[in-house]
Amino acid sequence: MLVKALIAIAFLAIGILVGYIVRKNTAEKVIGSAETQAKNLILDAENRSEAIRKETLADARAEAHSIKQDAERDIRERREEVKKTERRLVQKEESLDRKIENIEQKEESISKKQRALAEKEKELDGFIERQVAELERISGCTAEEAKAQLLETIEKDVRRDASIMIKDIESKAKEEADRKAKEIITGAIQRCAADHVAETTVSVVPLPNDEMKGRIIGREGRNIRAIETATGVDLIIDDTPEAVILSGFDPVRREIARVALEKLIVDGRIHPARIEEMVEKAEKEVNTIIKEEGEAATFEMGIHNLHPELVKLLGRLKYRTSYGQNVLKHSLEVAHLAGLMAGELGMDIKLAQRAGLLHDIGKALDHEIQGTHVDIGIDVLRKYKESEAVIDAMAAHHGDYEPKSAEAVLVAAADALSAARPGARRETLDTYVKRLQKLEEIANTTPGVEKSFAIQAGREIRIIARPDEVSDDAMALLAREISQKIESELEYPGQIKVNVIRETRAIDYAK
C-alpha cells in the first residue's frame, strides 16, 4: 500500500510539472502574439493620424485662401463705395457753392430794392403830409378832429349793428331755450302733481261744548298753565264757539299740544298730573308719526341707505311751513321735479332726487340752532356722512354757494319751480308791495325809460321807452340792461319778464 501511495504521489508531481511547462509555453505564445498585434495597431494609428493631419492641413489652407479672396473682394467693393461717396460730396460741394453765389446775388438785388423802397416811402410820406395839409385846409378841421368824427360815426354804426345782431341772436336763443325748457319743465310738472297748501302758525282744537273751556282753564288757571308749561305752546281761549286755538312757532310742539289736548278732551279727566301723562303719550305718538312720515317720503322717492336721524328730520318737516307751504311736500315736489328733469337731460336721477329731498333739511332745526337753514343743512348732512355731491347740491339751491355739478343746478331750478308756481306760497302784503315798488324803481332809474308798470303779480315789468332817446334797434340793449339790474338788485321767486315798448305819436289840431 505504501508503494502504491508513493507511486501515485510521483505521478501527481510529474503531472503538475508537465502542466506547468505546457501553460508557460502557451502563455509565452499568447504574450508574443499580443505584442505583435499592439505594434501593428500603433503603426496603423500613426499612419491614419498622419493622413488626417495632411487632409486637415489641406482643408485649412483652402479655407484660408477662400477667406483671403472674400476679404480682398470686400475691400475692393468698399473702396468703390468710398470713391462714389467722394464724387457725390464733390458734386454737392459744387452745387452748394453755386447756390451760395446765387443767394449773394439775390441779397444784393434785395438790398438795392430796399433802398429804392425807402426812397419811395420818403417821397410817399411827403406826399401824404402835403395831402393831409391840403385836406385840413379844405375841411377846416385837423386830422385828430376828423379821426374823432370818423370813430364816432363808426361807433354808432357798430352799436346799431351790434344791437341788431344781439336782438337776433337773443331771439333765436330764447326761442330754442324756451322751447326746450318748456318741454322739460311742463313734462316734469305734469308728471308731478302736488297739493297747494296754506298752513299757519296756529292750530284749532274743536270742543264738544263751551263748558269744556272752563275745565281746560281749571281752578285759578292751573290746568292751562300746566298745558302751556308741558308743551311750550300758548293756549288762546276766547269767544270762538266750541274751539280752542293753539299758538306756537315750533310746529312739532304745537302738534304735540294738539294731540294731548284732544286726548284730554276725550278722556275727560283734566288735571296737572293727567296733563303731563297725556303730553308724554302725545310726544311719543308724534315722534312715531314723524318717523313714519320720513320713512314714507324716502319710500316714495326710492331713496335707501339714509341715516335714521335724517329720516326723523324729514318727518319733522311735515309740521314745518315756509310762506304757508308745507316743507315736506315741497321737498318731495322738488325731488320729483329734479329727478324728472335729470332723466330728460341724461343726468344722475338718484343724485338729483336725493339732493332735492334733503335740500331743506336745515329747516327742521332752524328753530333750535342759530344760522341759516342752508348752513344748518350742510352741518347736518356732513354729520350723518352724506356724499359731497348731495351736500353741494343742497348748499347751492339758494345761490349761497356756487354749484359744482349739473344736478345742483337742477335742484335749484326745481326749488324755484315748486316755490313760484301759483298758489304754492303766500307772501306778506308789505313784502309783496315793497318788491313791486323796488321793481318799478329799478326800471324808472334807467336812462331812456319814461315810466314803468309792474303787472302779473310782479312777474312782468312793462316799460315805456322815450322814443327820442331809445331807437328801435336799442330796445334790445335797454331790456337787457334792465334785466341785469333786476337780477343783481332784487330777490324774487321764479322769473320776471321785461317788456320794453316804444311808440312815436304825431299830434295836430284842426282849427
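Per chain, residue numbering runs from 1 following the sequence as it is written. The model is predicted, so local features are restricted to residues of pLDDT at least 70 and side-chain atom pairs to those at 80 or more, both for listing and for counting; the totals for chains, interfaces and linings are taken over all residues. Heavy atoms from the whole structure form the basis of all side-chain values; hydrogens and water molecules are not counted.

Chemist: Whenever I open this one, the overall build of the protein chain confuses me. Can you help?
Modeler: Helix numbers and strand numbers start at the N terminus; a helix is a DSSP run of H or I with at least 4 residues, a strand a run of E with at least 2. The number of helices and strands found in the protein chain is 14 helices and 8 strands. Accessibility here uses a 1.4 Å probe with only protein chains present; expressed as a share of the type maximum, an area under 20% marks a residue as buried, one over 50% as exposed, and anything in between as partly exposed. Across the 511 residues in the protein chain, those meeting the buried criterion constitute 30%. Here a residue-residue contact requires only that any non-hydrogen atoms of the pair lie within 4.5 Å. For the protein chain, the share of sequence-separated contacts (at least 6 apart) that also reach a separation of at least 24 residues comes to 62%. Here, Shrake-Rupley sampling with a 1.4 Å probe gives the accessible areas, and only protein chains in the shown set may cover a residue. As presented, the protein chain carries roughly 34600 Å² of accessible surface, and 54% of it is formed by carbon and sulfur atoms.

Chemist: Is there a simple way to think about the sheet that holds strand β8 (residues 497-501) in this case?
Modeler: Within a sheet, neighbouring strands are paired by backbone hydrogen bonds and run either parallel or antiparallel to one another. Across the sheet, which stays open at both edges, the 3 strands sit in the order β6-β7-β8 with mixed pairing between neighbours. Sheet topology places β6 (449-455) and β8 at the edges, where each strand pairs with a single neighbour. The sheet shows a mean angle of 20° between the axes of neighbouring strands, direction not considered. Only the stretch in contact is used when a helix axis is fitted, and all axes are lines through C-alpha atoms; the angle between N-to-C directions ranges over 0 to 180 degrees. Lying over the sheet, helix α14 (residues 475-489) contacts β6, β7 (460-465) and β8, oriented at roughly 145° with respect to β8. Paired strands, as defined in this entry, are two strands with at least two bridges between them according to DSSP.

Chemist: It is not clear to me how the pairing of β7 should be interpreted in this structure. Could you clarify?
Modeler: Across a regular strand the side chains alternate sides, sitting on one face of the sheet and then on the other. Of all the 6 residues making up β7, 5 are buried; the element is thus mostly covered by neighbouring parts of the structure. Both β6 and β7 contribute to a ladder of 6 bridges, which runs antiparallel. Bridging across to β7, Ala 454 finds its partner in Ile 461. Pairing geometry for β7 and β8, over 5 bridges, is parallel. Within β8, the position partnered with Glu 460 by the bridge is Lys 497.

Chemist: I tried to follow the packing of helix α4 (residues 222-231) against helix α6 (residues 272-301) on my own but got confused; where do I start?
Modeler: Helix packing for two helices is described by the angle between their axes and how far apart those axes are. Where α4 meets α6, the closest approach of the two axes is 9 Å, and the angle between their N-to-C directions is 30°. Taken together, the axes of α4 and α6 are roughly parallel relative to one another. The way α4 lies across α6 gives a crossing that is right-handed. Residue-level inspection shows Arg 222, Asn 223, Ala 226, Ile 227, Ala 230 and Thr 231 of α4 in contact with α6, the latter providing Pro 272, Ile 275 and Val 279. Considered class by class, the residues forming the contact of α4 with α6 number 6 nonpolar, 2 polar and 1 charged. Oblique is the label for any angle not under 35 degrees, not over 145, and not in the 65 to 115 range, which are roughly parallel, roughly antiparallel and roughly perpendicular in turn. Two helices that cross are described as forming a left-handed crossing if the nearer one is turned anticlockwise from the farther one by less than a right angle, and a right-handed crossing if clockwise. Charged residues are taken to be Asp, Glu, Lys and Arg, nonpolar residues to be Ala, Val, Leu, Ile, Met, Phe, Trp, Tyr, Cys and Pro, and polar residues to be all remaining types, Gly included.

Chemist: Sorry if this is basic, but what is going on with the nonpolar core here?
Modeler: The tendency in soluble globular proteins is for nonpolar side chains to be buried side by side. Grouped together as the largest cluster of nonpolar side chains are 42 residues, with contacts concentrated most on Leu 310, Leu 357 and Leu 381. For this core, the secondary-structure elements that each account for two or more residues are α6, α7 (308-316), α8 (327-345), α9 (349-358), α10 (373-383), α11 (388-395) and α12 (406-420). Per-element tally for this core: the top contributor is α8, with 9 residues. What Leu 381 contacts, discounting residues up to four positions off in sequence, is Leu 310, Leu 358, Ile 361, Glu 386, Val 390, Ile 391 and Met 394. Nonpolar cores were defined as sets of buried Ala, Val, Leu, Ile, Met, Phe, Trp, Tyr and Cys residues, with membership established by side-chain atoms within 4.5 Å.

Chemist: It is not clear to me how a negative patch on the surface should be interpreted in this structure. Could you clarify?
Modeler: Residues form patches when they are more than 30% accessible in relative terms and have no salt bridge. Like charges link within 9 Å. Nonpolar side chains (Val, Leu, Ile, Met, Phe, Trp, Tyr) link within 5 Å. Definition used for salt bridges: Asp or Glu carboxyl oxygen within 4 Å of a side-chain nitrogen of Lys or Arg. In this count, Lys and Arg are taken as positive residues and Asp and Glu as negative ones, while His and the chain termini are left out. In this description, the location of a charge corresponds to atom NZ of lysine, CZ of arginine, CG of aspartate or CD of glutamate. On the surface, a cluster of negative charge is contributed by Glu 93, Glu 94, Asp 97, Glu 101, Glu 104 and Glu 107. Tracing the sequence through the fold places Glu 107 in helix α1 (residues 2-139).

Chemist: Help me out: how do you make sense of empty space enclosed by the protein in this one?
Modeler: Empty space among the atoms becomes visible once a probe the size of a water molecule is rolled across them. Site definitions follow a grid-based scheme: protein atoms alone, a 1 Å grid, a 1.4 Å probe that fits but cannot get out for cavities, and for pockets an open set with protein on both sides within 12 Å along at least five of seven lines, plus lining residues having an atom within 4 Å of a point. Grid points are joined across faces, edges and corners, and a volume is the space filled by probe spheres set on the points. In total, this model carries 1 cavity of 30 Å³ or more according to the counting rule given. If you go around the largest cavity, the residues you meet are Asp 250, Pro 251, Val 252, Arg 316, Arg 320, Lys 363, Ala 364, His 367 and Glu 368. A per-class count over the lining of the largest cavity returns 3 nonpolar, 1 polar and 5 charged.

Chemist: What am I meant to see in the pattern of salt bridges here?
Modeler: Side-chain pairs of opposite charge can arise where the charged atoms are in close proximity. Tallying each qualifying case throughout the model produces 17 salt bridges. Across the salt bridge formed by Arg 48 and Asp 44, the nearest N and O atoms sit 3.6 Å from each other. Here the residue Arg 48 and the residue Asp 44 both occupy positions in helix α1, the gap between them amounting to 4 residues, near one helical turn. For Lys 263, the salt bridge goes to Glu 285, with nearest N and O atoms at 3.1 Å. You can see Lys 263 sitting in helix α5 (residues 251-267) and its partner Glu 285 sitting in helix α6, a full 22 residues away along the chain. On the basis of relative accessibility, which here comes to 29%, the residue Lys 263 falls in the partly exposed class.

Chemist: Would you mind showing me how to read a positive patch on the surface here?
Modeler: A grouping of Arg 79, Lys 83, Lys 84, Arg 87, Arg 88 and Lys 92 is seen on the molecular surface, where their side chains present a positively charged patch. By the element assignment, Arg 79 lies in helix α1.

Chemist: So what exactly am I meant to see when it comes to the confidence of the model for the protein chain here?
Modeler: Predicted coordinates in regions of low pLDDT should not be interpreted in detail. The predictor reports its confidence for every residue as pLDDT, a score running from 0 up to 100. Chain-level pLDDT for the protein chain is 81 on average; 89% of the residues reach the 70-or-more range. Throughout residues 193-199 the model reports pLDDT below 50, and contacts reaching past four residues in sequence, or to other chains, amount to 19 contacts.

Chemist: How do you make sense of the packing of α6 against α8 when you look at a structure like this?
Modeler: Where α6 contacts α8, the two axes come as close as 11 Å, and the packing angle between them is 15°. With respect to α8, the axis of α6 lies roughly parallel. Of the two elements, α6 crosses α8, and the hand of that crossing is right-handed. Residue-level inspection shows Glu 293, Ala 297, Glu 300 and Met 301 of α6 in contact with α8, the latter providing Leu 328, Leu 332, Ala 335 and His 336.

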